[in-house]
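What the coordinates show
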Amino acid sequence: MTDQPTPPRGPAPQTPAGAAARQRTCAACGGAFEPGRRTELEVLIDGEIRYVAVHSGHSTHAPARERLATSRLPARVHGTAA
C-alpha cells in the first residue's frame with residue numbers, strides 16, 4: 001500500500017486554450033483550421049461545460065438564438081450605442 005493520493009474521478013476538465021489543437025476542424029462547418037489563422041471559442045453545454053473551436057465568424061448556435069441573445073444585451077455592450 002502506498003501513500004500516493006488517489007486520482008480525481010471522471011474526465012479532466014477541458015481548457016479553452018487547447019480546443020483548436022484538439023479538434024483540428026471547425027465545430028460549425030467541419031473545415032480544417034489553417035495554421036496561423038485565428039479561431040474563436042464557443043461554450044457548449046451538454047451535461048458539462050465544453051469549449052469548441054470555430055472559424056472566426058462561424059457559430060454552432062442557430063441564427064435566431066444569436067439574434068435573441070444579442071437583443072438582450074445592453075446596447076453599449078454589442079456596439080449599437082455611441
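Residues numbered from 1 in each chain as written. Predicted model: local features only at pLDDT ≥ 70, side-chain atom pairs only at ≥ 80, totals over all residues. Heavy atoms only, no water.

Quick look at a nonpolar patch on the surface
- Side chains of Val-43, Ile-45 and Ile-49 sit close together on the surface and give an oily, nonpolar patch of about 300 Å² of accessible area.
- Relative to the helices and strands, Ile-49 is located in strand 2 (residues 49-55).
- The exposed category is assigned to Ile-49, whose relative accessible area is 53%. (Patch = residues over 30% accessible without salt bridge, like charges linked within 9 Å, V, L, I, M, F, W, Y side chains within 5 Å. Areas by Shrake-Rupley, 256 points an atom, 1.4 Å probe, with all protein chains shown as cover. Salt bridge = Lys/Arg side-chain N within 4 Å of Asp/Glu carboxyl O. Helix = DSSP H or I, 4+ residues; strand = E, 2+ residues; numbered from the N terminus. Buried < 20%, exposed > 50% of the residue type's maximum accessible area, 1.4 Å probe, protein only.)

Here's the deal with the side chain of Glu-42
- Within the secondary structure, Glu-42 is located in strand 1 (residues 39-45).
- Note on Glu-42: relative accessible area 10%, which makes it buried.
- Within the local environment of Glu-42, its side chain forms a polar contact with the side chain of Ser-59, the two groups lying 2.8 Å apart. (Polar contact = N/O pair within 3.5 Å; in protein donor to acceptor, adjacent residues only side chain to side chain.)

Quick look at the pattern of salt bridges
- Tallying each qualifying case throughout the model produces 2 salt bridges.
- One salt bridge connects Glu-48 with Arg-50, and the closest N-O pair in it is separated by 3.7 Å.
- In this structure Glu-48 comes out as partly exposed when scored by relative accessible area, which is 37%.
- Take Arg-50: its relative accessible area is 27%, and that puts it in the partly exposed class.

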